[in-house]
Amino acid sequence: MNDHRETQMNQRPNGSAKSQWLTQLALLVVFIGLCAYRIHAEHNVEVWVKCVAALSTLAIISFIYRENRLYRLFEHIFIGAATGFLVFVVWRDSLQGNWWEPLSKDGKWYLILAPLIASMYYTIYSPKHAWMSRLLIGTMFGLYAGQCFQNFAAQIFPQISSSFLPLWKHGDMTMGQVLNNWVFVVTLFAVMTYFFFSIRHERPGIRQTATLGRWLLMIAFGATFGSTVMARFSLFIARMQFLLADWLHVAK
Amino acid sequence: MVDLLIRLQHIDRRIIYSLVILSIGIPILIPIDLPVFVSPEAKGLFEAVKTVPEGKLVIIAADWQAGTQGECGPQTRAVIRHLFQTGKRFAIFSIIPIGPELAQKIAEEESKGLGKKYGKDWVNWGFKAGSPLTTLTSLAKNIPGVVKTDINGTPIEKLPAMKNVNDISDVGLIAEFTGSGVFEYYLQRLQGVYGTPLVQGCTAVIAPEQYTYLQSGQLKGLLVGLRGAAEYETLSHVMGEGRRAMTSQSLAHLLVMALIVLGNIGLYASRRRRGASDGQR
């Protein structure tokens, strides 16, 4: 992976190394100039935070030009910050209120057993004591298996019952709803046929239905791909709004 | 001419990225309010929020992080603003660590103009570590037992917003915002078991999967990506982040469509040339 990255980093676009350094230097000077302008205009701590956020954003976005050291530095900073933050939040929102305070202030001494039992997981690294970790793993497996039945029923059963749709107009149904129900049922049937492997798909009737199922799946994947493009643009728009509106104040 | 068309297949990616930056940046600098067509799923979410019974609590499950802030942030903001406007109390909660911090910032910003107060109009239960299934199972039966303190360390029984909130029957709606696959936990442990109304705001990436739950009635409403936020703002008659971003979104989509057409013209031209040269041989 690292070799691949190094290769990518060494792939220089057109232009000499000197001109690239000059471009990077010019960009840095522009960035420092903009930061100095904002700090001079606002005179508060918030603006410093925004400048750091802007630098982080630009460093990450610089990846679209090519893989570079600034991008990698900020990638690592983000991972480190997220991990540090996770430790803090787990302590503040879960362990402090639910474990430490009852243990230290309310005299619930038996809560000391919780971390001791949890630490049994780590005996997995010792072949001699690994049986202790298996006790915990087995218990968790059992609990989860028990929950799985209810989870499946709660999530999937309503899906099954809602697949039985009226295919002929009755009551106050519109023709649009009838057509929609037909599309739904045909899609469901065709896709299920495509994933039914106990019958050879060469058989007449099965082959055509399975092919239709494949095409309908392709349409669904196309919709997912289109949604993904929209999602990525949305994230980029948010960063551009931050840079232009919140940081530089050149937009609303 | 044919050479030029063939070259359309190999436009330098830096030119494409520059065009994307321009198509997104220019509408931010020069905003244009494009009409937003409201989908039935966004309307469903709006109605679900509006019809939360008096005295019931709304749970805002902010299961998103900084990486999906661009989509889930405006959605959460639109719903929180609507909750403040309609005078419904809510609790921010998450099974993802950073979500409650980001949602708290949004709630604080939105509360300023509307005179709402933390503790009275909303609370923040924070992030709950551990297995989400176990957490939600326990939460359904005993909310104060699971959420002992808020993010400031205040015991929740001392907060007026938590008055008469004991279990899931005191919750009128769960509004879950996410960019990852944690939604099923709420379906499996809360909506599916206790029938608590559930709505969702999700990133556009996972949206196609969520429509099945909408069709089956397990979801009462759905906001899809930034477009969903813009739809909700249209229903609330607010010019917010979502609507402001829609012009950039639309222009960027037009650019992508134009590039796809140009690339295909280039492909067609190169195939014709190849066909002509094969014929000459």
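Residues numbered from 1 in each chain as written. Chains lettered and ligands numbered in written order. Predicted model: local features only at pLDDT ≥ 70, side-chain atom pairs only at ≥ 80, totals over all residues. Heavy atoms only, no water.

### Details of the confidence of the model for chain A
What counts is decided by this rule: Every residue is assigned a pLDDT by the predictor, reflecting its confidence on a scale from 0 to 100. A run of H or I in DSSP counts as a helix once it spans at least four residues, and a run of E counts as a strand once it spans at least two, with each numbered from the N terminus.
Across chain A, the average pLDDT comes to 87, with 94% of residues at or above 70. Across chain A, the element-wise mean pLDDT spans from 50 in helix H1 (residues 2-10) of chain A up to 93 in helix H7 (residues 175-194) of chain A.

### Description of the pairing of strand S1 (residues 57-63) of chain B
Residue and element names in this part refer to chain B. For clarity, the threshold we go by: The buried label goes to any residue with under 20% of its type's maximum accessible area, the exposed label to any with over 50%, and the partly exposed label to all in between, with areas taken from a 1.4 Å probe on protein chains only. The rule for pairing is simple: two strands pair if DSSP sees at least two bridges between them. A crossover gets the label right-handed when its path from the first strand over the helix to the second runs clockwise, viewed with the strands pointing away from the viewer.
Burial analysis of S1 places 7 of its 7 residues in the buried class, which makes it a mostly covered element. As judged from the 7 bridges shared by S1 and strand S4 (residues 171-178), these two strands associate in the parallel manner. Residue Leu57 lies in a different strand from S4, and its bridge partner there is Val171. Pairing geometry for S1 and strand S2 (residues 90-94), over 4 bridges, is parallel. Paired with Ala61 across the strands is Phe93, a residue of S2. Tracing the backbone out of S1, into helix H4 (residues 69-85) and back to the parallel element S2 gives a crossover that is right-handed.

### A short note on the nonpolar core
Residues and elements named next belong to chain B. The cut-off we apply is this: What makes a nonpolar core is a set of buried Ala, Val, Leu, Ile, Met, Phe, Trp, Tyr and Cys residues whose side-chain atoms join them at distances within 4.5 Å. By definition in these notes, contact holds between two residues if any of their heavy atoms fall within 4.5 Å.
Counting residues in each nonpolar core, the largest one holds 39 residues, and the members touching the most others are Phe93, Trp125, Leu139, Ile143, Met162, Ile174 and Tyr186. At 4 residues, helix H8 (residues 183-194) tops the list of elements feeding residues into this core. Setting aside residues no more than four positions away along its own chain, Ile174 makes contact with Ile59, Ile168, Tyr186, Leu190, Thr196, Pro197, Leu198 and Val199. Core analysis: the next-biggest nonpolar cluster, separate from the first, contains 31 residues, Cys72, Leu83, Leu102 and Leu173 among them.

### Description of the pattern of salt bridges
Residues and elements named next belong to chain B. The test is simple: The working definition used for a salt bridge is a side-chain nitrogen of Lys or Arg within 4 Å of a carboxyl oxygen of Asp or Glu.
Taken as a whole, this structure holds 16 salt bridges over all chains when the rule is applied. Notably, a salt bridge pairs Lys50 with Glu47, separated by 3.7 Å at the nearest N-O pair. Placement of the pair is Lys50 and Glu47 together in helix H3 (residues 40-50), with a separation of 3 residues, close to one helical turn. Glu109 serves as the salt-bridge partner of Lys105, at 3.3 Å between the closest nitrogen and oxygen. Taken together, the positions of Lys105 and Glu109, both in helix H5 (residues 99-114) and 4 residues apart, correspond to about one turn of that helix.

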